[in-house]
Amino acid sequence: MSDEEHQFESKADAGASKTFPQQAGTIRKNGYIVIKGRPCKVVEVSTSKTGKHGHAKCHFVAIDIFNGKKLEDIVPSSHNCDVPHVNRVDYQLIDISEDGFVSLLTDNGNTKDDLRLPTDESLLTQIKDGFADGKDLVVSVMSAMGEEQICALKDIGPK
């Protein structure tokens, strides 16, 4: 064959799936699950006993992590469910533009300018008021299944 060595760039998410399978019976409250194609946080799990011919079933009640909608699903406990890879990253807030986008400082010193302000009213006013007061703000960005959204705010003091 060939004697030359191949160079591969190592990237954590290169070609990785947005979800991974997990048995429905092992998913617990406060875990994550995909219901109707949306990444959700489980708020309630109940398991029914096996019927005359069947499997035990798990009834999941979950809340979409991006839009807050309540979703439900019933899955046999021996079957696999999709579980989203959920990441949280903290960024320092640099600027808020007029069109609702934020400019964030990443750990390696680059800027990230492709995120909108959150739709949650209380978080939105906290970010705008804190930025107007000149505070140093750190926002937590949650990402799952190709979506990203600001989900929390920390005040690290005045500039």
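Model, not experiment: these values are computed from the prediction.

Undergrad: Got a minute to help me understand a negative patch on the surface in this structure?
TA: On the surface, a cluster of negative charge is contributed by Asp95, Glu98, Asp99 and Asp113. With respect to the element layout, Asp95 can be found in strand β7 (residues 86-96).

Undergrad: Hey, could you run me through the pattern of salt bridges in this one?
TA: Working definition: two side chains of opposite charge can pair if their charged atoms are close together. Scanning all chains against the criterion turns up 6 salt bridges. Linking Lys112 and Asp114 is a salt bridge whose minimum nitrogen-to-oxygen distance equals 3.4 Å. Given a relative accessible area of 51%, Asp114 falls into the exposed group. For Lys135, the salt bridge is made with Asp155, and the minimal N-O distance between the two is 3.8 Å. Residue Lys135 is located in strand β10 (residues 135-144), and its partner Asp155 is located in strand β11 (residues 147-158); the two are separated by 20 residues in the primary sequence. A relative accessible area of 44% places Asp155 in the partly exposed class. By sharing partners, the salt bridges in this structure join Arg38, Asp64 and Glu147 into a single network.

Conventions used here
- Residues numbered from 1 in each chain as written.
- Predicted model: local features only at pLDDT ≥ 70, side-chain atom pairs only at ≥ 80, totals over all residues.
- Heavy atoms only, no water.
- Patch = residues over 30% accessible without salt bridge, like charges linked within 9 Å, V, L, I, M, F, W, Y side chains within 5 Å.
- Areas by Shrake-Rupley, 256 points an atom, 1.4 Å probe, with all protein chains shown as cover.
- Salt bridge = Lys/Arg side-chain N within 4 Å of Asp/Glu carboxyl O.
- Lys, Arg positive; Asp, Glu negative; His and termini not counted.
- Charge placed at Lys NZ, Arg CZ, Asp CG, Glu CD.
- Helix = DSSP H or I, 4+ residues; strand = E, 2+ residues; numbered from the N terminus.
- Buried < 20%, exposed > 50% of the residue type's maximum accessible area, 1.4 Å probe, protein only.

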